[in-house]
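In case you want the letters, here they are:
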Amino acid sequence: GCDSGSEDSESGPIRIGLTVPLTGNYQALGTGDQQGAQIAVEQINADGGIDGRRIELVVKDDKTQPDQSVLAFNAHKNEGAVAVIGSSFSNSALAAIPLAERNSMPYISLAAADQQVDPVRKFAFQIPARSSTYAEQTLKYLQASKITKIALAHDTKSSYAVAGYEAVKEKAKDYGVTVVVDRAFDTGTQDFSAVFSPVRSSDAQAVFLWATGPPAVIATKQFAASGLTIPLVLTGAQATPLFTKPAGAAAEKVILSSAIGVIGPDLPDSDLKKAVDELATDYQKKYGTPPPQFAVDGYCGVIVLAEAIRKAGSTDGKKVQAALEELSLLTPNGRYRYTADDHSGLSTDNVAIATVTGGKFAPTPWMTQQLSTNLPK
Amino acid sequence: MSDFLGYLIAGAALGCTIALLASGFVVVHRVTGVVNFAQGMFPVVAGLAAGSLLSASWPHGVAEIGGVLLAGAVGLLVGLIAIGKPGTPPLASLVITFGLGFLGYAVEIVIWGDQPRGFDGLSGVLTIGGVRIQHQWLLVMAVAAATFAALGAFFGRTYLGKGLTACASNPYAARLAGIDVRRMGLYAFALAGLLGGVAGVLLTPLQSIAFDRDVALAVNGFAAAVLGGLDRPGAALAGGLLLGIGQTLFAGYVDGSFQTEVALGFMVLVMVVRATRQREAMAV
Amino acid sequence: MKRAWLVGAGFVVVTLTLPFVLDDTRLSIYVLMGLAVLAVTGISLLMGYAGQVSLGQAAFYAVGAYTAAIPAVHGWPPLVGLVAAPLVAAAAAALLGAVLLRLRGHYLAFATLALQLIILSVAAEIEFFGGAIGLQGIPQFGVGSVTLDDAQEYALLTWAAVAVVLLLTANIVASRPGRALRALARSEQAAAASGIPVTRYKVTVFALSAAFAGLAGGIYAFFLGYIAPGSFTIAMSVEWVVMAVFGGLGTRWGPVVGTVAVTLVVQVLNDLSTRPGAPSYAPTVLGYAAYAVLLIGVLLFMPAGVVPWLRGRWDRLRRSRGDGGSAPSQAPDWPEPATVTGR
Amino acid sequence: MTPVLRLDNLSRSFGGVFAVRDVSLAVPSGETRGLIGPNGAGKSTLFNLVAGLLRPDAGRVALEGDEVTRLPAHRRAAQGVAIVFQGARVFPGLTAVENVMVGAHTSARHGFLGAAIRSRRCRREEREIREAALAALERVGLAEWADVPAESLPLGQQRRAQLARALCARPRLLLLDEPAAGLRGAERAALAGVIDGLRGEGLTMMLVEHDVGFVSRLADRVTVLDLGAVIAEGTPDEVRRDPAVVAAYLGAPADPAAGSAAPGSAAPGSAAGGPAAPGAAAGGRAAQAAGAAAADGAGADSAREGDRDAGSA
Amino acid sequence: MLEVRELVVRYGTATALDGVDLDVAAGEMVALVGANGAGKSTLVNTLSGVVRPAAGRVRLDGRLAQVPEGRQLFASLTVDDNLRLGAWRNQRSRRDPARIYDLFPDLVRLRTQQAGSLSGGQQQMVAVGRALMADPDLLAVDELSLGLAPLVVRDLAAHLAELNRDRGLALLLIEQETTLAFDLCARAYVLEAGRVVAAGPSEELRASPTVAAAYLGGLG
Ligand SMILES: Nc1ncnc2c1ncn2[C@@H]1O[C@H](COP(=O)(O)OP(=O)(O)OP(=O)(O)O)[C@@H](O)[C@H]1O
Ligand SMILES: Nc1ncnc2c1ncn2[C@@H]1O[C@H](COP(=O)(O)OP(=O)(O)OP(=O)(O)O)[C@@H](O)[C@H]1O
Ligand SMILES: [Mg+2]
Ligand SMILES: [Mg+2]
């Protein structure tokens, strides 16, 4: 029809909304999300779309502000989007999720906060692994490395770090790890002597630090100069060049957990590696660098949603939601398995423990061994 | 005890960086009466530019100076737009500098991208009595000390410094006395750019720098500068030290999660107490 | 006097008609815009008339939002929360103001900014307030059996509140307390010598401006259904100041014009930059650069803000048409009070 | 009868330097008290202490017998103290009439709430204040400038606007700090007329002026300050003859050798003097009437009298 | 050395100066008298370029210094700094304010006090002193005796006369005290409502009843 406003909802392109922070504090994340999502859409459309229907990605900027994400959600809804892939800023996602519930529109969140899926909200699904998943896999690694005493530090202003910290506190016992030093700092912290000084006079065998953004870089640099020789263990939020580039030499030898795709080049030949390469090649071609974590998340968001729509055979929100709850899909992030009580999808097997060598992420020996036995398929 | 000393020194070093960030506010406000919201842009520009120059294999030192000079030029540009047009009141200038901060974002992103960057500074650590302190921190302290000594002497002792101060004190009278108020304002902005640049190239090795770090840097600097009403370099240095040492001590002995808030709250308290003391009987 | 009434009536008619015209997306923007007008009106009163700067006004927006949301989440009638929102915000401001308003100028600006940071950090630590994750599941606003469940109704509520607040503000500014505020902004000593209790007036106007922000925050909480400390940023406080200056401080319509203009510019640029086919650098270039250029351009040519500039234009136009040349030569920054009678 | 103003051993120093030192004086009801002294003698400081804008280091201030030493400025204003500051201190941005209306602050009661809803009282009081303000402007001859932004008035007008503001407060004690500074010829005469009229109404005033002729004509008694302390007090004539006053303030009578410009006669209020100071209010009013008659209908504010300038012309 | 021709200055619609002609020859002392609001300050402000004329021209050779209406000190700076800054365009050697302290001995003990906290008369001394520090060829004074004690005025007048005699200082003097103005200046202009209504030797003007009437009648 010539009336572009009222497309036939069963035959025209399928419209998917994407709300990401393209300006504001989380701009760097949102830009990555958007690039990854774009690649997924291009790939799917090149393969003939979903049941012959093209995907049309409508992008909105939430400016790292919750109320803008609500505006964006309403706009997506009015413009006929069938589902929304949402912000990597947790507060934005949390603001939009009630609307998704009210409108029965699936909301695929790119934010990490556990609270989005705990308790389970019918229409909200999470793409990144939860902080607790990262925490658990790291504890497994510590146990295997015979580390029993750790110093734990976290940024009290980052929900991601707080959630991870709490998970470590809760689960450490199960892995025979005790927290001998427990220090807090905040996002504005520029001097970490208050964290590292007590460690020096303790018998901790590793420092496990939960942070996002600049404080992680600063802490890593000061750790390198602190004279401490025990390992520094970081989290998935640092598994990105956003961390390694500014941290430079100080980042070498740091241990960190990451999405499994981050160690793509080191994966054994497998379906997973194929999935990772599929994204990496296109991304590299388009943007000249390997995909950062956020791009992988954005990419996974689209292919997860597309797969659910394909499975549902419909763009009806409720049907797609049902399909999502049955979904099992291998992606560069590993295998997503959503169920009615688990909207978070990724298990510890999908988390890699890597170390930084030459500015790149490589699996630790323990991880290499894990990969040979426990590779997500 | 060695912990305490460690916190104290670390706090002083941190305070010096904050004070360096504050100095630009002081210079611009003292001369033009404008609060320069774009001040945070200068360290960012200098840090990013120095990083680029270093990766273009300029030698250390030269690259940093290049970054600082660029920041000075940017400062001049900001001044030209913010106060260049005659009859722009300080409040309008303030909002203009706010806008320029945003414009800076766009330019920085186009040139350097939105990802954080860093480069290495002085390596090595000095150990005194069990306290470890990175050479880079020592450099920061030395530069801050020199900068503030120079600023204090410049504004307090030199004729030109007095003339600059007169511009904000009473622009009309300054003009009658033959002082070119606009030109002096531009000098001040350029100087603020240089000072911000110095802070930037010294800080970048210590933390990462990205286009949007400006807010955090500016808020810290503003907080320190405001202790002296944005006019007194000495007070800005004191403010920086107060903030830095307050933060590290609080983080060290009490709790690290509120260190910024506690330091800021403490500053407010200092100001309120001082204002209450100064207050005359009037208008209670 | 008559003209003021006409303009006011026109304003009410237009703003309360728009909700029936706009589509859902625009309505949401329209609601948020109205909420910002409320807060900016308070800032304009505080800065433009009383000469006090607040860079932490979003803190009172937050206080209002939490005050409205918490009782509602615990099953109280929403009306209780909405009525309490401005009151609690005002009370908080009065308490804090009694201490902080000893500070002037930049000191006050800094103190309010620090205050906002502190309040929000504390809120993020309190489990009862939902911590950093925030409060979810805030019910819709309603009175008795009537609930507001779409943007149109919130738009009506918000802009009705705007009309009321603008009227109250205009009235205050035009009479004794308003004059006293304008006087103390110029010289606290001279004002005190004229019998004005300076501190009490400053605290009162601070509380009043906080009440406006608190009311806006209350509506915001119900409208959005979700609030978190991260929703109330320093950037928001600063942007309100920008809006107030942009529109013209100390003018009756400045807050409206400034807020509407800035919001529209931001939204239009946002729309443009995320259009399909827009290059990937569009959001930054348009979102930052175009916004900045507009802001700078306008202030370079209208340094006193849009409304005074328009008034100047209008006066010149009238004069050149030859009617009414008795207006004072240099357009005063201050509105004529409603009680001024022509000579 | 209790004096309207009584100061006991009032002192105030700034950074160790005494601006006001141990000053005691009493101004009885209806008196106009002149206050003269060299620059920096402490006259303005004394006024600020009386108005409550500065707090004394020592001593007491009593208004009509009630001690007010610790009372803040706005409360003293409510008790009837009004001050015309030295220099032009109008509220910029407010029109002339609004400036004057500020002076009437204490005579109205409505506050924020009343104003917000434009209560009946608010409207009534606003009307009354405005009328009073216009009347005060009329009295100082500024009626036609009512709606002009005060800061764009020339200096002379600003000073008169300040006087109108003080008058609008209907004070019981009026402090005038160099009200005639910057006023010339006719304006000065008109101002003298206004002040004289206030005397006639029985208002208690204190008047600082460097134009000794002006003071002599209007003041019942004169207090002389030097270096913060009272060095003389008496009728204008007594004071002018006091050698201490001559030495510290007036200077010796004409010493033509000092310069080519015959500075002796240039010194305001020196030997040239003015007409004898009218001792009573009636005399003042008479002078005013005479001035009006001579004015040839030059307008509402034509009150004038034999000014020194006019006399010399 | 100063030549003002057909000067017109407007504030918005109001005309403050309406075709003013005025001359000051080198070394000449000229008084400018007129009622409040006649436009005297406006005229002086036009000379220093603070106010832009709508028409007419101002030609000035030599250095002008102005004592502005309202003193306009650098309130946050000390007395000493205020004085020194008056000599901004001077050689270094002429920046020593000793000569001003000789003229106003009262200021000596106030050297390091902030100018904003001075008494009114002390501020006026600083304002005059600061203008003199510029070593001007023409000094334009807006209200010379404002707030000054009689003794001080006498000394100041003598000093100006001396500067005029010894160094050829030209003076454009606005002064409330016409006696003083006419004594000091040989020539005078009378301004009324933005126009020059009389000009000539002081003695003539002093005696002229029409001038006195005009001057006194310029009220409101
Ligand atoms: N805030 C202050 N800080 C320091 N010194 C002050 C302050 N206020 C006044 N002084 C000093 O106190 C003395 C008295 O000042 P005051 O203004 O009372 O003088 P005055 O008699 O009114 O003089 P004038 O006739 O010049 O107006 C002066 O030497 C002045 O410098
Ligand atoms: N900034 C201004 N805006 C508007 N009108 C002004 C402004 N400055 C002066 N005027 C007007 O210009 C006219 C001349 O003012 P000016 O200050 O030059 O008078 P003056 O002769 O110096 O008076 P005075 O003796 O009182 O100082 C007055 O009518 C005044 O109202
Ligand atoms: Mg005085
Ligand atoms: Mg004048």
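Residues numbered from 1 in each chain as written. Chains lettered and ligands numbered in written order. Predicted model: local features only at pLDDT ≥ 70, side-chain atom pairs only at ≥ 80, totals over all residues. Heavy atoms only, no water.

Chain E appears in an unreviewed UniProt entry as Branched-chain amino acid transport system ATP-binding protein from Cryptosporangium aurantiacum. The record held by UniProt for chain E lists under Sequence similarities (unreviewed entry) the comment "Belongs to the ABC transporter superfamily." (UniProt positions renumbered as here; feature names shortened; annotations may be inferred.)

You'll find chain B entered in an unreviewed UniProt entry as Amino acid/amide ABC transporter membrane protein 1, HAAT family, with Cryptosporangium aurantiacum given as the organism. What the UniProt record of chain B gives under Subcellular location (unreviewed entry) is the line "Cell membrane". In its Sequence similarities (unreviewed entry) section, the UniProt record describing chain B reads: "Belongs to the binding-protein-dependent transport system permease family. LivHM subfamily."

(A) Molecular detail of the coordination of the magnesium ion (ligand 4). All names here are of chain E. Donor atoms from the polypeptide that coordinate the magnesium ion (ligand 4) comprise Ser41 (OG) and Glu69 (OE), at 1.8 to 1.9 Å from the metal. Of the two residues, Ser41 sits in helix H1 (residues 40-47) while Glu69 sits in the loop between strand S5 (64-67) and helix H2 (79-86), which places them 28 residues apart along the sequence. For Ser41, a relative accessible area of 17% gives the class buried. (Donors = N, O, S within 2.8 Å, 3.2 Å for Na, K, Ca; no water. Helix = DSSP H or I, 4+ residues; strand = E, 2+ residues; numbered from the N terminus. Buried < 20%, exposed > 50% of the residue type's maximum accessible area, 1.4 Å probe, protein only.)

(B) Summary view of the arrangement of the chains. Here eight pairs of chains make contact, and the pair sharing the most contacts is chains D and E. In this structure chain A stays clear of chain D, and the shortest span between their C-alpha atoms is 32 Å. Separated in space, chain A and chain E share no contact, their closest pair of C-alpha atoms being 36 Å apart. (Contact = heavy atoms within 4.5 Å.)

(C) Local environment of the packing of helix H1 (residues 27-46) of chain A against helix H10 (residues 293-312) of chain A. Residues and elements named next belong to chain A. Two numbers describe how H1 lies on H10: the axes approach to 6 Å, and their chain directions differ by 40 degrees. As summarised for this structure, H1 and H10 are arranged oblique, according to the angle between their axes. For the crossing formed where H1 meets H10, the hand is right-handed. The residues of H10 that touch H1, namely those facing Leu29, Gly32, Asp33, Gly36, Ala37, Ile39, Ala40, Val41, Gln43 and Ile44, are Phe294, Ala295, Asp297, Gly298, Tyr299, Val302, Ile303, Ala306 and Arg310. The residue inventory of the contact of H1 with H10, partitioned by class, reads 12 nonpolar, four polar and three charged. (Axes fitted to C-alpha atoms, helices over the stretch in contact; angles between N-to-C directions. Parallel < 35°, antiparallel > 145°, perpendicular 65-115°, else oblique. Left-handed = near helix turned anticlockwise from the far one by under 90°. Nonpolar A, V, L, I, M, F, W, Y, C, P; charged D, E, K, R; others polar.)

(D) Seen up close, the side chain of Asn171 of chain C. With respect to the element layout, Asn171 of chain C can be found in helix H6 (residues 151-174). Ignoring sequence-local partners within four residues, the contact set of Asn171 of chain C consists of Ala115, Ala116, Ile117 and Arg118 of chain D.

(E) How the structure looks around the coordination of the magnesium ion (ligand 3). All names here are of chain D. The magnesium ion (ligand 3) binds to the protein through Ser44 (OG) and Gln86 (OE1), with metal-donor distances spanning 1.9 to 2.2 Å. With Ser44 in helix H1 (residues 43-51) and Gln86 in the loop between strand S6 (81-84) and helix H3 (96-103), this pair connects stretches of sequence that are 42 residues apart. Classification of Ser44 as partly exposed rests on a relative accessible area of 23%.

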